[in-house]
Amino acid sequence: MASAAAPGSGVARPLLEVTDLSVAFKGHKEIVTVVDHASFSLRAGETLGIVGESGSGKTVSSLALLGLLPASARVTGSATFDGRQLVNMPARKLRNVRGNDISIIFQEPMTSLDPSFTVGNQLAEAYRNHRGGSKRAATARAAEMLRLVGIPEPQRRLGEYPHNFSGGMRQRVMIAMSLICSPKLLIADEPTTALDVTIQSQILELLKSLQAELGMAMIFVTHDLGVVASVCDQVSVMYAGQVIEQSPIDDFFTRPLHPYSAGLLDSMPQSVAKGERLRMIAGTVPPPSRIPVGCRFNPRCQYAVEACVVTAPDLEATGDGREVRCIRHAELSLEISR
Amino acid sequence: MSDATEVTGVTDGTDGTGPSGATPLLRVRGLRKIFPVRKGVLRRTVAHVRAVDGVDFDVGTGEILGLVGESGSGKSTTGRLILRLIEPTEGSVELDGKDVRALGGEQLRKARRDMQMVFQDPYSSLDPLATVADVVGEPFQVHFKMSRKERDKKVVELLEQVGLGSHHLRRFPAAFSGGQRQRIAVARALALEPKLIIADEPVSALDMSTQSQVVNLLLDLQQRLGVAFLFIAHDLSIVHHASSRIAVMYLGALVEVGDAEEIYTRPRHPYTEALLSAIPVPDPQVERDRERIVLRGDPPSPLNPPSGCRYHTRCNYAMDICSVEDPQPTPTTSGGTVACHLHTSGPTLNGRPLSELGSVQTIPVRPSTTS
Ligand SMILES: Nc1ncnc2c1ncn2[C@@H]1O[C@H](COP(=O)(O)OP(=O)(O)OP(=O)(O)O)[C@@H](O)[C@H]1O
Ligand SMILES: Nc1ncnc2c1ncn2[C@@H]1O[C@H](COP(=O)(O)OP(=O)(O)OP(=O)(O)O)[C@@H](O)[C@H]1O
Ligand code: SF4
Ligand code: SF4
Ligand SMILES: [Mg+2]
Ligand SMILES: [Mg+2]
């Protein structure tokens, strides 16, 4: 699995260390904090999965790392990558890191490709922006990348526009684009959501083999727990802007520490008989402007006690390499049986 | 094991193709869409994409039919053709026995009210300048000329049905996450209480717990209101859970259609089998140990589909006849259909599951290069 001793890092210093990352947006009247003191880290060659309810801040925290949020966002905290501080790094320096050392695959394939340029043009430009070289060499590299991600007739496809590609193909183009400069860290936000499973499994295998080859680390934002089980080493669970659990995947799937994690695992179709109503976590995630007092999960938590509506729990290390944000974690036993 | 299903399948009331004579809600025959591919300043047609290449299926009243298949196989195009968002090259689409292509004026408007679509991409499908109240309430304004107050009341009800609170009413789509936007789109599709909803990957962008809410919502709507669904998705475990029947598509053609449980546990077509084997299982131990079917080669281009069976370039069972003759749909022992020569020549399975052939070539998911 993940290289415990990552290549080239004498000490097991993390490649990326995020500490107390917060993101707030200036709204009409108020300032709304949508990511609140998020902390996570990963080593070279390792894969971290980030899961969590829609709107919990997964995309915003990944974008914050790369300075890709709109001007209305205020980012605080620290994110060191390879010894460099990413938070509030000058735009020019950050642009250099982005694409060269860290690449990101966005969640929305349609809006991240420019409809007015051919796919080949966009791929070649992405390469030349960072690596220079001739147009010809860049185009050859572009064709090679398209072939790598399983697009048939790559040479011909280079000359086509994004709207001629299906949703899944556009996403494969995005993956090709993000890998074209062989980054050290790939942040993939729902990279396989638009893909069917045979292509998904090919892409996951591709990412895993590139990872082994290049020592690339990955952050995988996904809601597909099957994908987490198949590619990740660690998983971070977010809820309402906070990290509420970080665990190695084997522990997470058999013995989640947080009631929300247990609820997620329980909502998989595998937990009930065919055609039955699926289990789900009652209620909805609170909007960032109406965060409950105490534990943010308390209105939906079946284990909530009085203290939960008073005290906001901290993210605590449990001593066995896991972290959890729940005041009752030591007394609860949330084993998952299937 | 299979005896029980062998007898019943055919007369199953939920099976739109049943011989009972009842008209299915939706009846699709020989549906075909060929897109021209244009090049250069003169926009000359240089090739053709057979995006949907002669597809037949039915959706019964209140039935959920799952449609799965490779990316680019023509699922979204099929959905768009049914709604006449694009014009088919050939073929017929009947809703309640009426050919949608022949309708005009008021009747077409009615048919459009009866069929709604939820799109794949929750980002581009919502107007960024319209509030949630506008987006979800628009159908009420267009079709019933409701006042704003009445409309808002309806919208709040719909938002509640999809798990969003009324405080979202005046917000713009940009302020929502992907999953929240998809719920808005589902709410909008529900507004006119349609008979059929074509849901194109409606839960793909949602987290597990929200997926459950939406799938439960679809099941509820189906049971409570008798809404039928064409449920397009690539997550076979969700499709299996929600659908009564599943249709599997490959390069513009349906390769297998049948009872959801049968397809999921006893596939008849090699592509269905490969699809099942590729689903990641939410169990790290299983993922490390399991074997997967290797698909040979690249997915072929729809511009130039392989001769004979279009799956033969990647099929582990391919025989000589496969690259020559296009296999025709034949009945399976469980009341479905399958298009594969294994059923009519070679081992001649006659509609029985592939598992009866013994083992296929598989590889370990993770090559044995630990550490
Ligand atoms: N530009 C913005 N201005 C104001 N609020 C925003 C903006 N972008 C995102 N948000 C808010 O930030 C929160 C987190 O959004 P984010 O997109 O990170 O969610 P997510 O966890 O990625 O969800 P999903 O799984 O649906 O993609 C949401 O409440 C969202 O409404
Ligand atoms: N307007 C168009 N012009 C030309 N070709 C098109 C057009 N729309 C779709 N196609 C092509 O038709 C084929 C089917 O596309 P479609 O979007 O229906 O696939 P899909 O099964 O929905 O795929 P996905 O799972 O990736 O969404 C693809 O090869 C696509 O490139
Ligand atoms: S702190 Fe209380 S409410 Fe929050 S997750 Fe733990 S038990 Fe539930
Ligand atoms: S017809 Fe031949 S190539 Fe096609 S799926 Fe069947 S065995 Fe494979
Ligand atoms: Mg997101
Ligand atoms: Mg599609």
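Residues numbered from 1 in each chain as written. Chains lettered and ligands numbered in written order. Predicted model: local features only at pLDDT ≥ 70, side-chain atom pairs only at ≥ 80, totals over all residues. Heavy atoms only, no water.

Engineer: Explain unusual backbone geometry here, please?
Structural biologist: Glycine aside, a negative phi is what most residues show, and trans is what most peptide bonds show. Residues and elements named next belong to chain A. In this model, Asn 88 sits at a positive phi of 65°, which is unusual for a non-glycine residue. With respect to the element layout, Asn 88 can be found in the loop between strand S5 (84-85) and helix H2 (91-100). Classification of Asn 88 as exposed rests on a relative accessible area of 67%. One non-glycine residue with positive phi stands out, namely Glu 190, at about 50°. Counting through the fold element by element, Glu 190 comes out in the loop between strand S7 (185-189) and helix H8 (197-214). (Helix = DSSP H or I, 4+ residues; strand = E, 2+ residues; numbered from the N terminus. Buried < 20%, exposed > 50% of the residue type's maximum accessible area, 1.4 Å probe, protein only.)

Engineer: Where do I start with helix H5 (residues 135-148) of chain A in this structure?
Structural biologist: Working note: α-helix, 3.6 residues per turn, so residues spaced by three or four point in the same direction. Residues and elements named next belong to chain A. In this model H5 runs 20 Å from its N-terminal to its C-terminal C-alpha over 14 residues, within 8% of the 20 Å that 1.5 Å per residue would give. Taken together, the buried positions of H5 are occupied by Ala 138, Arg 141, Ala 142, Ala 143, Met 145 and Leu 146. With its phi angle positive at about 80°, Gly 150 sits one or two positions after the end of H5. (Expected span 1.5 Å × (residues − 1).)

Engineer: Can you walk me through the sheet that holds strand S5 (residues 98-99) of chain B in this structure?
Structural biologist: Paired through backbone hydrogen bonds, the strands of a sheet run either parallel or antiparallel to each other. Residues and elements named next belong to chain B. Pairing within the open sheet is antiparallel, and its four strands lie in the order S2-S1-S4-S5. Each of the sheet's edge strands pairs with one partner strand only, and the pair in question is strand S2 (44-59) and S5. Pairing between strand S4 (residues 90-95) and S5: two bridges, direction antiparallel. Following the sheet pairing, Glu 94 is matched in S5 by Asp 99. Contacting strand S1 (26-39), S2 and S4, helix H2 (residues 75-82) crosses the sheet at an angle of about 115° to S1. (Pairing = 2+ DSSP bridges. Contact = heavy atoms within 4.5 Å. Axes fitted to C-alpha atoms, helices over the stretch in contact; angles between N-to-C directions.)

Engineer: Explain the side chain of Ser 277 of chain B here, please?
Structural biologist: Here Ser 277 of chain B lies in helix H10 (residues 270-278). Discounting chain neighbours no more than four positions away, the residues touching Ser 277 of chain B are Arg 290, Arg 292 and Ile 293 of chain B.

Engineer: Would you mind showing me how to read the site of ligand 3 here?
Structural biologist: Close to ligand 3 lie His 258, Pro 259, Cys 295, Asn 298, Cys 301, Tyr 303, Ala 304, Cys 308, Cys 326, Ile 327 and Arg 328 of chain A, which account for all nearby residues. Along the lines of polarity and charge, the residues of the shell around ligand 3 split into eight nonpolar, two polar and one charged. (Near = heavy atom within 4 Å. Nonpolar A, V, L, I, M, F, W, Y, C, P; charged D, E, K, R; others polar.)

Engineer: Any chance you could explain the packing of aromatic side chains here in plain terms?
Structural biologist: Two descriptors summarise a pair of aromatic rings, namely the distance from one centre to the other and the angle between the planes of the rings. All names here are of chain A. Applying the stated criterion to the full structure yields seven aromatic pairs over all chains. Taken together, a centroid distance of 5.1 Å and an interplanar angle of 80° make the contact between Tyr 239 and Phe 297 edge-to-face. On the criterion of sequence distance, the pair formed by Tyr 239 in strand S9 (residues 234-239) and Phe 297 in the loop between helix H11 (259-266) and strand S11 (316-317) is long-range, its members being 58 residues apart. An angle of 75° between the planes, with centres 5.5 Å apart, marks the rings of Tyr 260 and Phe 297 as edge-to-face. With Tyr 260 in helix H11 and Phe 297 in the loop between H11 and S11, this pair connects stretches of sequence that are 37 residues apart. Residues Tyr 260 and Phe 297 agree in their burial class; the two are buried. The residue whose ring lies beneath Arg 157 is Phe 165, and the NZ or CZ to ring-centre distance is 4.5 Å. (Phe/Tyr/Trp six-rings, centres within 6.5 Å; stacked < 30°, edge-to-face > 60°. Lys NZ or Arg CZ within 6 Å of the ring centre and 35° of its normal.)

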